[in-house]
There are 2 protein chains.
Amino acid sequence: MSENCFQILAREGKARRGRIATAHGLVNTPAFMPVGTAGTVKAMLPESVAATGAEILLGNTYHLMLRPGAERVAALGGLHEFMNWPGPILTDSGGFQVMSLSELRKIGEEGVEFRSHLDGAKHLLTPERSIEIQDRLDADIAMCFDECTPFPATPEQAAQSMRLSMRWAARSRTAFRRRPGYLLFGIMQGGIHEDLRKESADALAGIGFDGYAIGGLAIGEGQQEMFRILDFAPDLLPAGRPRYLMGVGRPEDIVGAVQRGIDMFDCVMPTRSGRTGLAFTRFGELNMRNARHAEDILPIDPRCACPACRGYSRGYIHHLVKSREILGSMLLTWHNLHYYQELMAGLRGAIEAGGLAEFVAGFGTERAQASDRLKPTRLET
Amino acid sequence: MSENCFQILAREGKARRGRIATAHGLVNTPAFMPVGTAGTVKAMLPESVAATGAEILLGNTYHLMLRPGAERVAALGGLHEFMNWPGPILTDSGGFQVMSLSELRKIGEEGVEFRSHLDGAKHLLTPERSIEIQDRLDADIAMCFDECTPFPATPEQAAQSMRLSMRWAARSRTAFRRRPGYLLFGIMQGGIHEDLRKESADALAGIGFDGYAIGGLAIGEGQQEMFRILDFAPDLLPAGRPRYLMGVGRPEDIVGAVQRGIDMFDCVMPTRSGRTGLAFTRFGELNMRNARHAEDILPIDPRCACPACRGYSRGYIHHLVKSREILGSMLLTWHNLHYYQELMAGLRGAIEAGGLAEFVAGFGTERAQASDRLKPTRLET
């Protein structure tokens, strides 16, 4: 991993404004990656995802290996061609979801044996197989196969789990086929323990990766504890490489993590919440199922330029959500992804201009000061 | 109903190429109206519906009166504003769906008493209330409240039901608030009986409407019997007014009905079938759930210009349908509506050019002659 794919264009405090070069294009950071679990960002055309400003998607190895299968995706031209997304794609390793979704898991030194949640078929996922699948999918950024240490865990459990992940990281690195513009990221584990995080970071740096993820967070420890770890964990990683906080998060989590030196994020929140009727806005989250929206002629956010806010009243969106209409999922997903990407663009612009502190202050006060007309009620959270 | 909203631009045999003027714009006929049941053409943005070439939508009075309610739609600016569709809208009267969807119906001279299928609440739908609801929705074309005579029915049942609908048609006409560009259509009933169809047509012409629908078909009698009735029924109606065949149908039904003098159609087939994995094409219907599509790199129809065929393989669409992904419904609905609108544009162009007979012959032989590569298997129907 000699050549650096990552360029830091500006800094403010620990925050970085950067750019990652991949085989399928550039990614401006801090970046939020919408999740396209099974080869589709649910309820969105890919050109609509691009229109929100997203430059890179995340695909799930676990889902794609089970259906339609990595070899089938490869036969249909790779994941970009398959899902009609010409831009960069990062795939996870399957390690997280094999533990959370599959059945009858057996974890060992070799890897994880499990049964598919779809049809019960037996599979073995190892570092080598995970990297092979990600290669067949043609991921621009592949992730090391790891075990996401559960929370809570004893220090002994966290250490044992982290060390297994580090051995798997070395095997992942060996299995990875190096090609220009195709990157491999290591994943730091170690739970909530600074010494284990340090040991993990050193192990990964010793192996050498194109970028480094922080795993094992946003799994129940809470924002305060996560921020405590992010106060030291990013600094343990090589300074010149991109840092990716996996599975995070809410807008306020992202803002706090960018301030602590994180460059990349992914989360199902904007898409999944959109499908259940939740709208993210600059003045907080609105639950569009709430009856108080039923006759409201305002859009979700009068200052938002997304298609949902340009064309539709809250009353209409409320109707769609209550009627379980697909268009409700489509419009709210679009709005939420638009909001997330606007937030990332705002963070990037603020770091470039040296105005991140003001941006963060404004982010907080806009929520607090929203007029009663726009403010979410306490019921809505 | 003095001024005629309908202009016939060309004829070939019984077929007509026309144009209807409404308060929200022109409708070129023969026209197919996508169904927007509950204020949305399911799985489609309205601008995407317009991009397929659709000029007019159908809204369902029964669904909208129950949720969100006609008064609420009116408070949110009327149905056009509510659903962000600036073009013409036709609403049905609720008569058909109150009989097929509601519970504990009681039909009498006054109207139909029923319980909502959503919450069991009691409602009374009368000709006067149906017209009032359609007025509140701001429908460009309102339909008379009628009873769709069931099939099969004895001649006595068909006559009794038709005569009730004719009395309701007169009450609908009286209740209708006349405004420029807002049209009211009568609905011919009479089942499969020529004498009853004639009696119904004469009754409607005596009342006087802006257009005339043929009701009570496509409810189980079969295409052969429907075409037998369409061989005489349209001729019974005033020649200079638009004729609308309600709830029809498959592409081959539409082609045959246009040849027999029908100007307007609506059907849930392209949208509902799209959501269950069926693709309409010039060479027949393809069931995208079929495993033979799983590794097919061809689009649904290589000669189709819709977004689904421009960007995606059959293999990918198969994956989406099997995975129950919303994008599968979105792409197949778009493709099917595109196919239907291309068919209508082809019919209009053929009548203008005096080439309808050749067009219809080509429509049949294209299906028969499609290459094995493209042809649907017998399994797929």
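Residues numbered from 1 in each chain as written. Chains lettered and ligands numbered in written order. Predicted model: local features only at pLDDT ≥ 70, side-chain atom pairs only at ≥ 80, totals over all residues.

## Some remarks on the overall build of chain A
Within chain A, the regular secondary structure consists of 16 helices and 16 strands. Expected size for 381 residues packed as a compact globule is a radius of gyration near 21 Å; at 20 Å, chain A falls within 12% of this value. Here the C-alpha coordinates of chain A stretch approximately 60 × 45 × 40 Å along the principal axes. Looking at chain A residue by residue over its 381 residues, the buried ones come to 54%. Long-range pairs, those at least 24 residues apart, make up 68% of the contacts in chain A with a sequence separation of at least 6. (Helix = DSSP H or I, 4+ residues; strand = E, 2+ residues; numbered from the N terminus. Rg over C-alpha atoms; globule rule 2.2 N^0.38 Å. Buried ≥ 20, exposed ≤ 12 C-beta atoms within 10 Å, placed from the backbone. Contact = placed C-beta atoms within 7 Å.)

## Here's the deal with the domain arrangement of chain A
All names here are of chain A. Per the domain assignment, the segments making up chain A are domain 1 (6-267) and domain 2 (273-380). One C-alpha centre belongs to domain 1, the other to domain 2, and the line joining them spans 27 Å. Tallying the contact residues gives 23 residues for domain 1 and 21 residues for domain 2. Counting residues per element, the ones that place at least two in the side of domain 1 that touches domain 2 are strand 1 (6-12), strand 2 (15-22), strand 4 (31-33), helix 1 (46-51) and helix 11 (251-259). For the side of domain 1 that touches domain 2, the leading source of residues is helix 11, giving 5 residues. (Domains from an automatic or database assignment.)

## Observations regarding the relation of the copies chain B and chain A
If you rotate chain B by 180 degrees and push it 0.0 Å along the axis, it lands on chain A with an RMSD of 0.0 Å. Between the two chains, the operation in question is that of a two-fold axis. Nearest to the rotation axis, the C-alpha of isoleucine 326 of chain B is located 3.7 Å from it, this being the minimum over chain B. The residues that chain B uses at the interface reappear at the interface of chain A in 100% of cases, marking a shared surface. (Least-squares fit on C-alpha atoms with pLDDT ≥ 70 in both.)

## Points about the sheet that holds strand 10 (residues 141-143) of chain B
Picture the strands of a sheet paired through backbone hydrogen bonds; they go either parallel or antiparallel. Residue and element names in this part refer to chain B. Read from one edge to the other, the open sheet built from 8 strands follows the order 4-14-13-12-11-10-6-5, with strand pairing classed as parallel. Taken across any chain shown, the strands that pair with only one partner, and hence form the sheet edges, are strand 4 (31-33) and strand 5 (57-59). Adjacent strand axes in the sheet meet at a mean angle of 25 degrees, parallel and antiparallel pairs treated alike. As paired elements, strand 4 and strand 14 (residues 264-266) share 3 bridges and run parallel to each other. Within strand 14, the position partnered with alanine 31 by the bridge is methionine 264. Running at roughly 160 degrees to strand 11 (residues 183-188), helix 8 (residues 194-207) makes contact with strand 11 and strand 12 (211-214) of the sheet. (Pairing = 2+ DSSP bridges. Axes fitted to C-alpha atoms, helices over the stretch in contact; angles between N-to-C directions.)

## Points about helix 14 (residues 314-322) of chain B
Among the 9 residues of helix 14 of chain B, 8 are classified as buried, and the element is accordingly described as predominantly covered. Along helix 14 of chain B, the residues that are buried comprise Arg314, Gly315, Tyr316, Ile317, His318, His319, Leu320 and Val321 of chain B. The elements touched by buried residues of helix 14 of chain B are helix 4 (78-83) of chain A together with helix 13 (307-311) and helix 15 (326-352) of chain B. One or two steps after helix 14 of chain B, the chain reaches arginine 324 of chain B, where phi turns positive at roughly 55 degrees.

## Things to note about the pairing of strand 3 (residues 25-29) of chain B
Residue and element names in this part refer to chain B. As paired strands, strand 2 (residues 15-22) and strand 3 are joined by 5 bridges and run antiparallel to one another. Within strand 3, the position partnered with glycine 18 by the bridge is threonine 29. What sits between strand 2 and strand 3 in their antiparallel hairpin is a turn of 2 residues.

## Examining the pairing of strand 15 (residues 278-281) of chain A
Residues and elements named next belong to chain A. The alternating pattern of strand 15 places Leu278 and Phe280 and Ala279 and Thr281 on opposite faces, both of which are buried. Two elements, strand 15 and strand 16 (residues 284-287), share 4 bridges in a ladder whose sense is antiparallel. Following the sheet pairing, alanine 279 is matched in strand 16 by leucine 286. Taking the residues that link successive antiparallel strands as the turn, the strand 15-strand 16 hairpin has 2 residues.

## A closer look at the environment of glycine 240 of chain A
With respect to the helices and strands, glycine 240 of chain A occurs in the loop between helix 10 (233-236) and strand 13 (243-245). Considering only alpha carbons, one finds glycine 240 of chain A and aspartate 210 of chain A, 30 residues apart in sequence, at a separation of 9.6 Å.

## Comments concerning the sheet that holds strand 7 (residues 103-107) of chain B
All names here are of chain B. As summarised here, the arrangement of the 3 strands in space is 7-8-9, forming an open sheet in which the pairing is antiparallel. The open sheet has two edge strands, strand 7 and strand 9 (122-125), and neither has a second partner. The mean angle between the axes of side-by-side strands here comes to 15 degrees, regardless of whether they run parallel or antiparallel. Across 4 bridges, the pairing between strand 8 (residues 112-115) and strand 9 is antiparallel. Looking at strand 9, one finds that phenylalanine 114 is bridged to histidine 123.

## Focus: the interface of chain B and chain A
Facing 31 residues of chain B, the contacting portion of chain A comprises 31 residues. Sorting the residues of the side of chain B that touches chain A by element identifies helix 3 (70-75), helix 4 (78-83), helix 14 and helix 15 of chain B as the ones contributing at least two each. Taken together, the residues of the side of chain B that touches chain A break down into 16 nonpolar, 9 polar and 6 charged. (Nonpolar A, V, L, I, M, F, W, Y, C, P; charged D, E, K, R; others polar.)

## Notes on helix 11 of chain A
Counting buried positions over the 9 residues of helix 11 of chain A gives 7, a clear majority of the element. A positive backbone phi angle near 100 degrees is found at glycine 261 of chain A, which sits one or two residues after helix 11 of chain A.

## Side note on the environment of glutamate 81 of chain A
If you trace the backbone, glutamate 81 of chain A turns up in helix 4. Separated by 242 residues in the primary sequence, glutamate 81 of chain A and serine 323 of chain A place their C-alpha atoms 34 Å from one another.

## Topic: the environment of arginine 67 of chain A
As for its position among the elements, arginine 67 of chain A is in the loop between helix 2 (61-66) and helix 3 (70-75). Between the C-alpha atoms of arginine 67 of chain A and leucine 118 of chain A, which are 51 residues apart in sequence, the distance is 8.7 Å. Setting aside its immediate chain neighbours within four residues, arginine 67 of chain A contacts Ala38 and Leu118 of chain A together with Lys322 and Ser323 of chain B.

## Some details on the confidence of the model for chain A
On average, residues of chain A score 95 in pLDDT, and 97% of them reach the 70 mark or higher. What the predictor reports for the complex is a pTM of 0.97 with an ipTM of 0.96. (pLDDT = per-residue confidence, 0-100.)

## Details of the nonpolar core
If you look at the biggest cluster of nonpolar residues, it comprises 230 residues, and the most contacted ones within it are Phe185 and Ile317 of chain A together with Phe185 and Ile317 of chain B. Ignoring anything within four residues of it in the chain, the contact list for phenylalanine 185 of chain A reads Ile141, Met143, Cys144, Phe209, Asp210, Gly211, Tyr212, Ala213 and Tyr244 of chain A. (Core = buried A, V, L, I, M, F, W, Y, C linked by C-beta atoms within 7 Å.)

## Section: unusual backbone geometry
Residues and elements named next belong to chain A. Following valine 248, the chain continues into glycine 249 via a peptide bond in cis, with omega recorded as 5 degrees. Locating glycine 249 in the fold gives a position in the loop between strand 13 and helix 11. A positive phi angle is found at asparagine 84, which is not glycine, with a value near 60 degrees. One can find asparagine 84 in the loop between helix 4 and strand 6 (89-91). If you check the backbone angles, arginine 324 has positive phi at about 55 degrees while not being a glycine.

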